[in-house]
Amino acid sequence: MAERMVVVPEYPVTEHVTIDPARTALLIVDMQNDFVKEGGKLVVPTARETLPAIRRLLEAARQRGQFIAYTQDTHLPNDPEFPIWGEHCLIGSWGWEIVAELAPQPGELVIQKRRYDGFYGTSLDHDLRVAGVDTLIVTGTVANIGVLHSAGSAALRWFKVIVPKDAISALTEFDLEAALRQIHFLYRGVITTSHALSVSQPA
Ligand code: ZN
């Protein structure tokens, strides 16, 4: 089929977003060597460009004492995802490890997930609720796969979703824009940038 041009419908990119750090978690989706690093099995070439933005958000979240959660795509040998994507994020492998730049610290939650959605078959929903979280800043890769499914799954559970668009990456521009459009249009997520987040002053 011939290539077709489509226009991405407008979605707002919010310039100032105020968060309450006590109720807002940072979620870093699948920033693992297989997706990010040269030699990885399923590299998203632009993922490395998001490292500074995610790192900045991570450092700010640590300073503010925010709840921090990572998802880690985790597959066992002969996983049914492998016929689709090839072998990737095999448990215990180098490619499965979260990139060194964003290495989790003790006390930060790492959710090993089997599917695109960070909530599916994991304790993420429970852990966020126990921590009093009602808002998620969703970052990482792949924008239209793990990020979209985790953001959507969060929104279905009535978490508020914030997506800094410079902190997510996809294989194509179409995939990135489609994910952002869907997160805004369907899940009413707030699309913004990593520089736009500020903290609400205590009352
Ligand atoms: Zn996978």
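Reading the values: rules and limits
All residue numbers refer to position in the chain's written sequence, counted from 1. For this predicted model, a pLDDT threshold of at least 70 governs which residues receive local features, and a threshold of 80 or more governs which side-chain atom pairs are given and counted, while totals over whole chains, interfaces and linings are taken from all residues. Values reported for side chains reflect all heavy atoms of the structure, with hydrogen atoms and water molecules removed beforehand. Only protein atoms enter the calculation, which uses a 1 Å grid: trapped sets of points that fit a 1.4 Å probe without letting it out are cavities, open sets showing protein on both sides within 12 Å along at least five of seven lines are pockets, and any residue with an atom within 4 Å of a point is a lining residue. Grid points are joined across faces, edges and corners, and a volume is the space filled by probe spheres set on the points. Residue classes follow a fixed rule: Ala, Val, Leu, Ile, Met, Phe, Trp, Tyr, Cys and Pro count as nonpolar, while Asp, Glu, Lys and Arg count as charged, and any other residue, Gly among them, counts as polar. Under the scheme used here, helices are H or I runs from DSSP no shorter than 4 residues and strands are E runs no shorter than 2 residues, and both carry numbers assigned from the N terminus. Any pair of residues with heavy atoms lying within 4.5 Å of one another is described as a contacting pair. The rule for donors is simple: N, O or S, within 2.8 Å of the metal, or within 3.2 Å if the metal is Na, K or Ca. Water isn't counted, so a site may look like it is missing partners. For a four-donor site, all angles between 85 and 135 degrees give tetrahedral; for four or six donors, opposite pairs above 155 degrees with the remaining angles between 65 and 115 give square planar or octahedral; all remaining cases count as irregular. Under the scheme applied here, a residue whose accessible area is under 20% of the maximum for its type counts as buried, over 50% as exposed, and between as partly exposed, the area being computed with a 1.4 Å probe on protein chains only. Two rings belonging to Phe, Tyr or Trp (six-membered ring only in the last case) form a pair when the distance between their centres is within 6.5 Å. Interplanar angles under 30 degrees mark stacking, angles over 60 mark edge-to-face geometry, and anything in between is tilted. Whether a charge lies above a ring is judged from NZ of Lys or CZ of Arg, which has to be within 6 Å of the ring centre and within 35 degrees of the ring normal. Within this document, salt bridges are pairs made up of a side-chain nitrogen of Lys or Arg and a carboxyl oxygen of Asp or Glu, the two lying within 4 Å of each other. Here the rule is simple: two strands pair whenever DSSP picks up at least two bridges between them.

Trainee: Please clarify how the layout of surface pockets should be interpreted in this entry.
Mentor: Over the atoms rolls a probe the size of a water molecule, and its path tells where empty space is left. If you add up the space inside the largest pocket, you get close to 220 Å³. Taken together, Met1, Ala2, Glu3, Arg4, Met5, Val6, Val8, Phe174 and Glu177 make up the full set of residues lining the largest pocket. Here the lining of the largest pocket is built from residues that sort into six nonpolar, no polar and three charged.

Trainee: It is not clear to me how the side chain of Gln72 should be interpreted in this structure. Could you clarify?
Mentor: Tracing the chain through its elements places Gln72 in strand S3 (residues 68-73). In this view, Gln72 contacts Asp30, Gln32, Trp96, Glu97, Ile98, Val110, Ile111, Gln112 and Lys113; residues no more than four positions away in its chain are not counted.

Trainee: I'm lost on the coordination of the zinc ion in this one. Help?
Mentor: Around a metal, the perfect tetrahedron of four donors has angles of 109.5 degrees, and the perfect octahedron of six donors has angles of 90 or 180 degrees. Donor atoms from the polypeptide that bind the zinc ion are Asp73 (OD), His75 (NE2), Glu81 (OE) and His88 (NE2), placed at 2.0 to 2.3 Å. Around the zinc ion sit four donor atoms, and with donor-metal-donor angles ranging over 87 to 165° the site reads as irregular. Each donor residue of the zinc ion lies on one chain, and together they are spaced D-x1-H-x5-E-x6-H. With relative accessibility at 0%, the residue His75 sits in the buried group.

Trainee: Any chance you could explain the packing of aromatic side chains here in plain terms?
Mentor: Describing an aromatic ring pair means giving the distance of the ring centres and the angle of the ring planes. Counted under the stated rule, the structure contains two aromatic pairs. An angle of 85° between the planes, with centres 6.5 Å apart, marks the rings of Trp85 and Tyr116 as edge-to-face. Remark: Tyr116 occurs in the loop between strand S4 (109-113) and helix H4 (124-130) and Trp85 occurs in helix H3 (residues 82-85); sequence separation between them is 31 residues. Aromatic pair Phe119 and Phe159: ring centres 6.1 Å apart, planes at 35°, arrangement tilted. A residue pair is termed long-range when its members are at least 10 positions apart, and Phe119 in the loop between S4 and H4 and Phe159 in the loop between helix H5 (143-156) and strand S6 (160-164) qualify at 40 residues. Each member of the pair, Phe119 as well as Phe159, is classed as buried. Taking the ring centre of Tyr116 as reference, the NZ or CZ of Arg115 above it sits at 4.7 Å.

Trainee: Looking at this structure, how should I read the pattern of salt bridges?
Mentor: Side chains that carry opposite charge are capable of pairing whenever their charged atoms lie near each other. Using the criterion set out here, one finds 11 salt bridges in the structure. In this structure, Glu59 and Arg55 form a salt bridge, with 2.9 Å as the shortest nitrogen-oxygen distance. Taken together, the positions of Glu59 and Arg55, both in helix H2 (residues 51-64) and four residues apart, correspond to about one turn of that helix. Across the salt bridge formed by Glu108 and Arg62, the nearest N and O atoms sit 2.7 Å from each other. Linking Glu108 in the loop between H3 and S4 with Arg62 in helix H2, this pair joins segments that are 46 residues apart in sequence. By sharing partners, the salt bridges in this structure join Asp30, Asp73 and Lys113 into a single network.

Trainee: Just checking my understanding: could you explain H5 for this structure?
Mentor: Along an α-helix, residues three or four apart share an orientation, since each turn contains 3.6 residues. Buried residues dominate H5, accounting for 11 of its 14 residues. Summarising the contacts, the buried residues of H5 are in contact with strand S2 (24-29), H3, strand S5 (135-141), S6, strand S7 (168-169) and helix H6 (173-185). Looking one or two places after H5, you find Trp158, whose phi comes out positive at around 70°.

Trainee: Looking at this structure, I do not really get the pairing of S4. What am I missing?
Mentor: Consecutive side chains along a regular strand alternate between the two faces of the sheet. A one-sided burial pattern is seen for S4, the buried positions being Leu109, Ile111 and Lys113 and the unburied ones Val110 and Gln112. In the sheet, S3 pairs with S4 via five bridges, with the strands oriented parallel. Its bridge partner being in S4, Tyr70 is matched across the sheet by Val110.

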